[in-house]
Each structure stands twice: as C-alpha cells, then as structure tokens.
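# Overview (structure and organization)
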Amino acid sequence: MRRTLYLECYSGISGDMTVGALLDLGADRKAVEEAVDSIRPFVQGFDIAVTRVQKAGIDACDFNVMLDREHENHDHDMEYLHGHDHGEANPHGHEHHQVHEEGHHHGHDHGGEHHGHGAVHHHAHTGLTEITDVLNKAKLTDGARALAIKIFGILAEAEAKAHDKPLSEVHFHEVGAVDSIVDIMSAAVCMDSLKEKYHITDVTVSELYEGHGSVRCQHGILPVPVPATANIMEAYGLPVHFMEMQGEFVTPTGAAIAAAVRTTERLPGSCRVVAQGVGAGKRNYEKASLLRAMIMEVPEERQDAIYKLESNIDDCPGEALGYVMDRLFDAGARDVYYTPVYMKKNRPAYQLNVICIEQHIPRLEQIIFRETTTIGIRRVEMERTVIEREQRLYNTGLGKIEVKVCGDRIYPEYEPLAAACRERGIAYLDAYNRVYAELNGECGSNAANRMEEQRERA
C-alpha cells in the first residue's frame, strides 16, 4: 500500500491554513515550536499560538502568528484588504474566532526595539539571501530546510517576474514578512514530520479555488489572483477554479507551498482515508476559509505502460538543460537524462529523454517548451515489466535510514544515507556497502521481516 497526503483546497490555501491542517493531521508540534524558537535571535516581533476554533460550525486547528504593532501588516484585516476606506487601517480588524479549547501561546514577547545581528527587520529590504541565511541557522532537519528554501525560491521567482527584476534584486514585502517566514518554515517542518510518520510517497493537491475582485497590499490595490500567485499558477501548472465570490482565497504563500509539495494531480479512483485534519484561515469570507488535509492509503497498482518524451536540442546552453532537469523532476518525472547526438550539418547536440506516467505528460511538456528552445516533442508509449517496490524506514548501524524494498533486495535511499555520511564524516561508498550488506547479507537476510516487525511495534 502507498500512502498519499491529499490537500483539499476547495476554500483556497494559505500558509497558516496549511500549518493548521498539518498539525491537526498529526504533525510534530514540538518540532515546530523548537524550529520557531531557534529563529528568534534573527526574526523578532512575533509570537505563535495554536488553538481550536470553529468556522461555519466545523472544528479546526488555528495556527496564528501574532505580530507586534511595529511588524503588523494587516493581512487579516478585512476592512483594510477589501474595504472602501483608504484611510488608516483598523489595527484590531482581525477576525475573531470562537475558541473552545485553551490555546498555547508559545515563546516570549519580542518587541521592535531590540534586534540582534542579522535580524530580519520589518522595514528592511529582505531578500532571498537573508531568508536563506535564517533558514540555514534554524533548527531544522535537512528535508524541512530544503523544502522551506524551495518554497521561498518559488515565491522569489514569482515576485521577480511580477516586478520585472532579476532574482537577486527582489526585495520581499508580503513574502518576506515575519509571519510568512514563520508560516513557510512551520509548513516545511510539518510536511517533513508527516512524511516520516505516515511513510508518505506522494502529495496530491486539488485544484485551487480562488475568488475574484481586488485586494490591498504593499503595492496598492491589485486584482485577484495577485500577480505573484498568478505567476506561480502559470509556472507550475496549478489547476485553478474561479468562484463567484469576491476575495483572495489563494495567497502567494499558499500557492508556493502547493507548487513545492505537489507530486501528483489527482487521487486514484479507489483509496482509503487513514487520517484527516482541518486548518482554519483568518479571513472572514462568505465561504469559510478551511483547508482539509488527509492521509489516503492507495492500493498498489501495477503499471504495465510508461511514457517516454524525447526532443533533440542543439541550440540550448548547458545551464538551461541542467535547470530544466530539476524542474522536470519536481513536476513528477520518473527519470530525466540526456544522450549526446549529432544532428543535421554535423551539429553536436543532446537528446532530452523524460520517463513519466501518462497523467504527467501535459505538465512536463509545458515545462520543456517553456524552459528549452525545442519546438517539438516526441511521445512514445512503452510496455514494461516491473518489480513491486515499497519504501520503508529501517534502523541500521548508521541510524534510521529510508530504504527501498524491491522483491528480495533492499537498497538504502540516497538522500538519508548521504545525510548520515555528512553527519559522521564517512565516505559514501563505504556507508552504502556497509548498509547494503547489513540489509541484504547473511546478517540481514531477514531484514524485511524485521522491518515489518518494527513497523507493527511502532
């Protein structure tokens, strides 16, 4: 059985809604609090609270980043966002939820008067470099840190396009605000925690339900979806459904999270709900701001066919080819590789080859056309014979390592093994041979059975 995380965005998606839904689903709240506390020397002017609230009569988890007066951006002030009064915003215009369980206000009051060296200031120009520096100093796992940096990279690209500036010159406003930093980092911690807890192999994101009209932000009155959100939808092929209701239901942070974590577009026809959680938004619209997250158990389906996309390219720089490979993997490609070829007029060139499943073809072709100079893509359906595989966690001599079980063979996965090598200062091949022998050798001949026993005890 495969387990998929499903984000149901029928009321939009934002950073705080995502964190609330994932915490409600069972993400490690202590890990979030420790990560938040670790950035307080660098990011001031906020506190967090996790409470239970009701929206439209539905019980939900509310993750709230509370800003002091200096850092307040009125992101949840409905009169400021959509009202007709262009005067001073109401500082108390946040939506008031009905709290029916005592919330936890974590941390200490950090005002705007005392800032440590390297801190993110509200009025400073905060760019991707400064935010990455904060994330590198935060108490995060490698997986959570990489995801948080990826989300901010997506936002930076969207803002750069919106303002027609190079990426290095993008200074964040909404994106680099204190609450956005905390939301994105917390969402990354939650995703990493749930992946390990439930052995998640895929993340499915529904179509994003968005409203219409306009919203006020740092740059003035902007149409919905705002340019950064629309750029992310375009660049990552996020399906969107526009509702008749006015309001901004999909924030740039929410769209960036969806783009960063999504690996599949739709759930299979048959699956079982293992767990679910609901996160509440702060904005008060006609349709309640709720994000539901579910863990779905999907029966292992044998695929007898796979698709290969290929294109000959002789006029594209190597940097672009390296970049498009990363984009294709992020969009769900099973494999991407280049083959040296000679084309007409004896030109040396490369054949781009992408292995994928049928449902990913439109998105992958869109990326190839957008990111390379090709004007045509060949598509081939190929039959195949596959060995059933499963990903599991196994306690090895180098610690807990994610492994891939293929028939009667067990292989350590690259990323967790590489992390163990960096932590212990050992050579990768030595570590691989050691773990492989432990899993498959005489002392590991019953490794699969022991892994099953470990999982049952857990």
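Residues numbered from 1 in each chain as written. Predicted model: local features only at pLDDT ≥ 70, side-chain atom pairs only at ≥ 80, totals over all residues. Heavy atoms only, no water.

### Here's the deal with helix 2 (residues 29-38)
All of the buried residues in helix 2 are V32, E33, A35, V36 and S38. If you check the start of helix 2, you find a side-chain oxygen 3.1 Å away from the backbone N of K30, and it comes from D28. (Buried < 20%, exposed > 50% of the residue type's maximum accessible area, 1.4 Å probe, protein only. Helix = DSSP H or I, 4+ residues; strand = E, 2+ residues; numbered from the N terminus. Polar contact = N/O pair within 3.5 Å; in protein donor to acceptor, adjacent residues only side chain to side chain.)

### Overview of the pairing of strand 12 (residues 305-313)
With 7 of 9 residues buried, strand 12 lies mostly within the body of the structure. Two elements, strand 12 and strand 15 (residues 378-383), share 6 bridges in a ladder whose sense is antiparallel. Each residue of the ladder has a partner; that of E310, found in strand 15, is R378. Strand direction decides the pairing type here: strand 12 and strand 14 (residues 347-356), joined by 7 bridges, are antiparallel. Each residue of the ladder has a partner; that of L309, found in strand 14, is V354. (Pairing = 2+ DSSP bridges.)

### Focus on the environment of T396
Positionally, T396 belongs in strand 16 (residues 389-396). Looking at T396, the relative accessible area reads 11%, which means it is buried. Sequence separation between T396 and R434 is 38 residues, and the spatial gap between their C-alpha atoms is 9.4 Å. When residues no more than four places from it in sequence are discounted, the contact partners of T396 are I401, V435 and E438. In this structure the side chain of T396 is engaged in a polar contact, spanning 3.1 Å, whose partner is the backbone nitrogen of L398. (Contact = heavy atoms within 4.5 Å.)

### Considerations on the side chain of R363
Position of R363 among the secondary structure elements: in helix 10 (residues 361-371). What makes R363 buried here is its relative accessible area of 6%. Residue contacts for R363: discarding those within four places in its chain leaves Y236, R262, T263, E265, A331 and G332.

### Here's the deal with the environment of M325
Relative to the elements of secondary structure, M325 occurs in helix 9 (residues 318-330). In this structure the C-alpha to C-alpha distance between M325 and D335, which are 10 residues apart in sequence, comes to 9.1 Å. With residues up to four places along the chain from it excluded, the contact list for M325 reads V336, Y337 and Y338.

### Concerning unusual backbone geometry
A cis amide bond links V224 to the next residue, P225, at an omega of 0°. Backbone geometry places A56, a non-glycine residue, at a positive phi of 55°. For A56, the location among the structural elements is in the loop between strand 2 (46-55) and strand 3 (58-67). Of note, the phi angle at H199 is positive, near 55°, even though the residue is not glycine. With respect to the helices, strands and loops of the structure, H199 is situated in the loop between helix 6 (178-198) and strand 5 (200-205).

Spatial relationships are all this shows, so hold off on functional conclusions.
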